[in-house]
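Listed below are the residues making up each chain.
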Amino acid sequence: MKFSIMVSEGPYTHQATDSAYQFAKAALAKGHEIMRVFFYHDGVNNGTRLTVPPQDDRHIVNRWSELAAQHNIDLVICIAAAQRRGLLDENEAKRQGKDANNIAPGFRISGLGQLVEAGIQSDRLVVFGD
Amino acid sequence: MLHIVNKSPFDTNALAGVLRVAKKDGAALLLIEDGVYAATKNSATEASLKAAGMPVYVLQPDVDARGLQSRLMDGVNMVDYGGFVDLVAGHDNVQSWL
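Residues numbered from 1 in each chain as written. Chains lettered and ligands numbered in written order. Predicted model: local features only at pLDDT ≥ 70, side-chain atom pairs only at ≥ 80, totals over all residues.

### Some words on the overall build of chain B
Then, in step 1: When you go through chain B residue by residue, the secondary structure sums to four helices and five strands.
Then, in step 2: For chain B, the N- to C-terminal ordering of α and β elements is β-α-β-α-β-α-β-α-β.
Then, in step 3: Against the compact-globule benchmark of 13 Å for 98 residues, chain B has a radius of gyration of 12 Å, which places it among compact chains.
Then, in step 4: Seen through its principal axes, chain B has C-alpha atoms that stretch 30 × 30 × 25 Å.
Then, in step 5: Going through the 98 residues of chain B one by one, you find that 38% of them count as buried.
Then, in step 6: Residue pairs in contact within chain B that sit at least 24 positions apart in sequence constitute 67% of those at least 6 positions apart. (Helix = DSSP H or I, 4+ residues; strand = E, 2+ residues; numbered from the N terminus. Rg over C-alpha atoms; globule rule 2.2 N^0.38 Å. Buried ≥ 20, exposed ≤ 12 C-beta atoms within 10 Å, placed from the backbone. Contact = placed C-beta atoms within 7 Å.)

And the structure:
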């Protein structure tokens with residue numbers, strides 16, 4: 001079965017990003033496909049590569065990047081939520097006249113249409129948030 | 001429909017919303033994260049969950065993390081993340097009550 005996931009809570013906040021990740025791993029282990037994870041609201045903070053958690057803590061951002069690379073998952077960050085929170089890829093940094101970008105490997109910035117499409121093209125869309 | 005509640009009933013009214021408006025036919029309730037507190041024995045929410053008219057599931061890792069293994073009310077079903085996936089696959093729609 002084809003799943004997509006929406007995450008609307010930031011990393012290291014409560015538990016939503018951890019629940020979403022564990023759900024994704026369990027779904028993949030059962031042979032399901034994760035088509036896309038859409039990061040919305042504070043969830044966009046899951047996609048900054050400048051995150052440096054303590055060494056004995058889980059690295060939530062890298063964890064997403066690695067899972068996406070292993071299983072070909074599309075990690076999409078909502079552009080409007082990203083701009084408000086200072087999450088930029090190379091194109092956006094250039095377009096907004098900023099001196100750097102901070103998007104993590106495997107993530108891309110796009111619009112809400114990607115969430116709608118995930119809802120249409122997936123068998124199930126599961127939301128994790130605050 | 002599978003209804004998912006991830007907050008304690010003492011923090012938000014998400015669970016009350018499910019119990020008030022959810023259609024019971026073919027529905028199930030899954031409690032995750034702090035939502036599992038709703039299923040504790042002798043709690044203020046025990047009676048309303050018993051009267052929910054739909055099967056109630058709790059996510060075991062979240063129950064374990066909170067030390068509630070031996071304090072759950074009767075009649076709730078424990079699932080791991082794999083069981084969570086099966087519940088999602090087994091219902092046509094999934095609604096997270098945030």
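After presenting the structure, the write-up continues.
### Overview of the interface of chain B and chain A
Then, in step 1: Counting residues at the interface gives eleven residues for chain B, matched by 16 residues for chain A.
Then, in step 2: Secondary-structure elements contributing two or more residues to the side of chain B that touches chain A are helix H4 (81-90) and strand S5 (94-97) of chain B.
Then, in step 3: Among the elements that take part in the side of chain B that touches chain A, H4(B) stands out by supplying six residues, more than any other.
Then, in step 4: Taken together, the residues of the side of chain B that touches chain A sort by class into eight nonpolar, two polar and one charged. (Nonpolar A, V, L, I, M, F, W, Y, C, P; charged D, E, K, R; others polar.)

### Concerning the environment of Glu33(B)
Then, in step 1: Its location among the elements puts Glu33(B) in the loop between strand S2 (28-31) and helix H2 (46-50).
Then, in step 2: The spatial distance from the C-alpha of Glu33(B) to the C-alpha of Lys7(B) is 6.6 Å, given a sequence separation of 26 residues.
Then, in step 3: Once you skip the residues sitting within four places of it in the chain, Glu33(B) turns out to touch His14(A), Gln15(A), Ser19(A), Asn6(B) and Asp62(B).

### What to know about the sheet that holds strand S3 (residues 56-59) of chain B
Residues and elements named next belong to chain B.
Then, in step 1: Taken in spatial order, the five strands of this open sheet run S4-S3-S2-S1-S5, and their pairing is parallel. The sheet is open, and its two borders are formed by strand S4 (77-79) and S5, each paired with just one other strand. Within this sheet the neighbouring strands show an average axis-to-axis angle of 25 degrees, counted without direction.
Then, in step 2: Here strand S1 (residues 2-5) pairs with S2 via four bridges, running parallel. In the sheet register, leucine 2 faces S2, and the bridge partner there is alanine 28. (Pairing = 2+ DSSP bridges. Axes fitted to C-alpha atoms, helices over the stretch in contact; angles between N-to-C directions.)

### Section: helix H1 (residues 14-21) of chain B
All names here are of chain B.
Then, in step 1: Ala14, Leu15, Val18 and Leu19 are the residues of H1 that are buried. Axial view of H1: buried residues confined to an arc of 135 degrees, hence all on one face. Along H1, exposed side chains directed more than 90 degrees from the buried face belong to Arg20 and Val21.
Then, in step 2: Summarising the contacts, the buried residues of H1 are in contact with S1, S2, H2 and S5. (Arc of directions from axis to C-beta.)

### Quick word on the confidence of the model for chain B
Then, in step 1: When pLDDT is averaged across chain B, the result is 97; 100% of the residues are at 70 or more.
Then, in step 2: This prediction of the complex comes with two scores: 0.97 for pTM and 0.97 for ipTM. (pLDDT = per-residue confidence, 0-100.)

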